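# Chain and residue survey
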Amino acid sequence: MSLEEAFEETKKELTITTDQLNEITNHFVDELNKGASVNGGNIPMIPSWVLNYPTGNETGEYLAIDLGGTNLRVVLVTLLGEGKFKFSSEKYPIPEPMRTGNSPDELFDFIALNLHNFVISQFGEINKIEKPLPLGFTFSYPALQTAINTGVLKTWTKGFDIDGVEGNDVVPILQNSINKLKTPINVVALINDTTGTLVASKYSDNKTIMGLIFGTGVNGAYYDMANEIPKLHGKLPDDIVENNEPMAINCEYGAFDNEWKVLPRTKYDIQIDNESPRPGEQFYEKMIAGYYLGEVLRLILLDYYSKNLIFKDQNIKPLQVPFAMDTSYPSRIEEAKDKSFIDELFLESFNIKITSIERNLIHDLCILIGTRAARLSVCGIAAICKKRNYTSGHCASDGSVFNRYPNFKSRAHNALNDIFQWNCDTKDYPIQLIHAEDGSGVGAAIIACLTEKRLEQGKSVGIKSKI
Ligand code: BGC
């Protein structure tokens, strides 16, 4: 096989046609419905117990933390009402060895210590704080919730693999680590980053219909009417049933098509899954999320090398290290105005000297990988729109791929138009991806505030048996 033939084959495999978009979206709607049914399905469709919409008039001072894929972020948010807020925050990179390990203590003590120091930097001495500070904990992993202040981790995603957390409620684990340092903090709400994004954006933009993350992982949240979620029938407390309140649903749709019925997975996607800490899970996420896009490129290049099509007579050992290329590689390569940047990148990072043909090939592969990710990404959006009959609105979007991967947004809009056939200018598309407000900080603060208010009013924040 020649290099051209190999590339044509890869191109075919990575290209998502309009017919495929439609087929995937329709199956996605079925899986969203199945996930919300009594028996459940691949997509967990987790009721978040974030009830009702924010009014924009919430006020007060709240702490928030966000345990994302790469960083821990600690935020002090002041909600000012009228859709306004101010905040100060700190970011702490999560040390690589803490992503895996045999006890939760290392990670959760690290969180508690940074939180403790942050509180001192904001408030001065701890003993001057009169009443415990309410904290919203953004935990961006699939955590099953029977109440707003609980979350039992279903499975780690995004390469995390720490023993002793799956199957356990992460809120007491965090609260214990906080208590060890005697920091006056109460964890009042556990929040997914998508739910935080949804609520933060709705606080200031009433047209928001969903909160989406396209980052290290992928996921979406939207509001459904609590009474219309079949798996909650008979489990909702009376006050929620009587008011038929809207509740944010954390879809956890990275798990879409784990049964592999429609996704056009390539041998590279299959290899990524097989070699991951949790094979058989997060099939959709593993094709489109930032944690994996660089790895797709690396595996394609290694495949071509093994067929003696590229990097002839070069020592490719540095490229053989799993995840040697993070997603900034395809992203920077596609973005490079001067293509000689690609030569430098391969030389500096992997000690590989590339030819001009290889340079163009790598660039074209990055376009294919990025375009596939963007096109597949909108199937989740289109499915939520179809399920909820949304014909217009803002999809509040955040995450490193959305914010930094070149052309992601325009490709996503094109794919949405392929599905919905609007036939108008992009700026007039009735459904738009909009850069989200700070979900993990402001969103978590608003949710902590909404929760406090509900509790003061004697309203429920969890399932019947919990009351
Ligand atoms: C997690 C979700 C999260 C998403 C984006 C996924 O791996 O399971 O909970 O919302 O990443 O951060």
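Since this is a predicted model, take the numbers as computed values, not measurements.

This part covers the overall build of the protein. A count of helices and strands for the protein gives 15 helices and 15 strands. Against the globule reference of 23 Å for 467 residues, the protein gives a C-alpha radius of gyration of 23 Å, in line with a compact fold. Projected onto its principal axes, the C-alpha coordinates of the protein cover approximately 70 × 50 × 40 Å. The buried share of the protein, taken over its 467 residues, is 58%. Within the protein, counting contacts between residues at least 6 apart in sequence, those at least 24 apart form 71% of the total. Approximately 19000 Å² of the protein is accessible, and the part contributed by carbon and sulfur atoms is 48%. Of the charged side chains in the protein, 46 are positive and 60 negative, and the gap between their average positions amounts to 1 Å.

Here the focus is the sheet that holds strand S2 (residues 59–67). As summarised here, the arrangement of the 5 strands in space is S4-S3-S2-S6-S10, forming an open sheet in which the pairing is mixed. Two strands close off the open sheet at either side, each with one partner strand: strand S4 (84–93) and strand S10 (185–191). Sheet twist, expressed as the mean angle between neighbouring strand axes with direction ignored, is 25°. Two strands pair when backbone bridges link them, and strand S6 (residues 133–139) and S10 are joined in this way by 6 bridges, in the parallel orientation. Within the sheet, the bridge partner assigned to Thr-138 lies in S10 and is Ile-191.

The feature "domain: Hexokinase C-terminal" (unreviewed entry), as given by UniProt, occupies residues 210–449 in the numbering adopted here. The distance from the first to the last C-alpha atom of residues 210–449 is 20 Å, and the span holds 49% helix and 12% strand.

Looking at soluble globular proteins, one finds that nonpolar side chains tend to be buried together. Of all hydrophobic cores here, the largest spans 120 residues; its most connected members are Tyr-284, Leu-301, Tyr-304, Phe-311, Phe-346 and Ile-381. At 16 residues, helix H12 (residues 356–388) tops the list of elements feeding residues into this core. If we ignore the near neighbours within four places in the chain, the residues touching Phe-346 are Leu-301, Phe-311, Met-325, Ile-333, Asn-351, Ile-352, Ile-354 and Ile-362. Counting 38 residues, the second-largest nonpolar core is a separate cluster that includes Val-74, Leu-76, Phe-110 and Tyr-141.

What follows covers unusual backbone geometry. One non-glycine residue, Asn-244, adopts positive backbone phi at about 35°. Following the sequence through the fold, Asn-244 ends up in the loop between helix H6 (238–243) and strand S13 (246–250). Located in the positive-phi region is Trp-260, a residue other than glycine, with phi close to 55°. Relative to the elements of secondary structure, Trp-260 occurs in the loop between S13 and helix H7 (267–274). By relative accessible area, which is 40% here, Trp-260 ends up partly exposed.

It is worth spelling out H12 at this point. Taking 1.5 Å of rise per residue, the 33 residues of H12 would be expected to cover 48 Å, and the 49 Å separating its terminal C-alpha atoms lies within 8% of that figure. Looking one or two residues past H12, Asn-389 carries a phi angle of roughly 55°, positive in sign.

What follows covers the site of the ligand. Residues in contact with the ligand amount to 15 residues; listed here are only the nearest, Thr-157, Asn-192, Asp-193, Glu-252 and Glu-285. Between Tyr-141 and the ligand, the recorded distance is 3.2 Å, taken from a backbone N or O atom to an oxygen atom. Here an oxygen atom of the ligand sits 2.8 Å away from a polar atom, N or O, in the side chain of Glu-285. Breaking the shell around the ligand down by element, the ones donating at least two residues are helix H5 (193–204) and strand S12 (218–225). Each residue belonging to the shell around the ligand can be placed in one class, and the counts come to 4 nonpolar, 7 polar and 4 charged.

Here we take up the packing of helix H2 (residues 18–36) against H12. At a minimum axis distance of 8 Å, the contact between H2 and H12 shows a crossing angle of 50°. One way to sum up the angle between H2 and H12 is to call them oblique. Remark: the crossing between H2 and H12 carries right-handed chirality. In contact with Thr-18, Leu-21, Ile-24, Thr-25, Asn-26, Phe-28, Val-29, Leu-32 and Asn-33 of H2, H12 contributes Arg-375, Leu-376, Cys-379, Gly-380, Ala-382, Ala-383, Ile-384, Lys-386 and Lys-387. Its residues assigned to classes, the contact of H2 with H12 shows 10 nonpolar, 5 polar and 3 charged.

Of all 6 residues that make up strand S14 (residues 393–398), 6 are buried, and the element is covered over most of its length. Neither face of S14 is open: one carries Gly-393, Cys-395 and Ser-397, the other His-394, Ala-396 and Asp-398, and all of them are buried. Note that strand S11 (residues 208–214) and S14 share 5 bridges and pair parallel. What sits directly across from Gly-211, in S14, is Ala-396.

So, on to the state of the cysteines. What the rule picks out here adds up to 0 disulfides. Left unpaired, Cys-379 is separated from the closest cysteine sulfur, that of Cys-385, by 12 Å. By relative accessible area, Cys-379 is classed as buried at 0%.

What counts and what doesn't
- Residues numbered from 1 in each chain as written.
- Predicted model: local features only at pLDDT ≥ 70, side-chain atom pairs only at ≥ 80, totals over all residues.
- Heavy atoms only, no water.
- Helix = DSSP H or I, 4+ residues; strand = E, 2+ residues; numbered from the N terminus.
- Rg over C-alpha atoms; globule rule 2.2 N^0.38 Å.
- Buried < 20%, exposed > 50% of the residue type's maximum accessible area, 1.4 Å probe, protein only.
- Contact = heavy atoms within 4.5 Å.
- Areas by Shrake-Rupley, 256 points an atom, 1.4 Å probe, with all protein chains shown as cover.
- Lys, Arg positive; Asp, Glu negative; His and termini not counted.
- Charge placed at Lys NZ, Arg CZ, Asp CG, Glu CD.
- Pairing = 2+ DSSP bridges.
- Axes fitted to C-alpha atoms, helices over the stretch in contact; angles between N-to-C directions.
- UniProt positions renumbered as here; feature names shortened; annotations may be inferred.
- Core = buried A, V, L, I, M, F, W, Y, C linked by side-chain atoms within 4.5 Å.
- Expected span 1.5 Å × (residues − 1).
- Near = heavy atom within 4 Å.
- Polar contact = N/O pair within 3.5 Å; in protein donor to acceptor, adjacent residues only side chain to side chain.
- Nonpolar A, V, L, I, M, F, W, Y, C, P; charged D, E, K, R; others polar.
- Parallel < 35°, antiparallel > 145°, perpendicular 65-115°, else oblique.
- Left-handed = near helix turned anticlockwise from the far one by under 90°.
- Disulfide = S-S within 2.5 Å.

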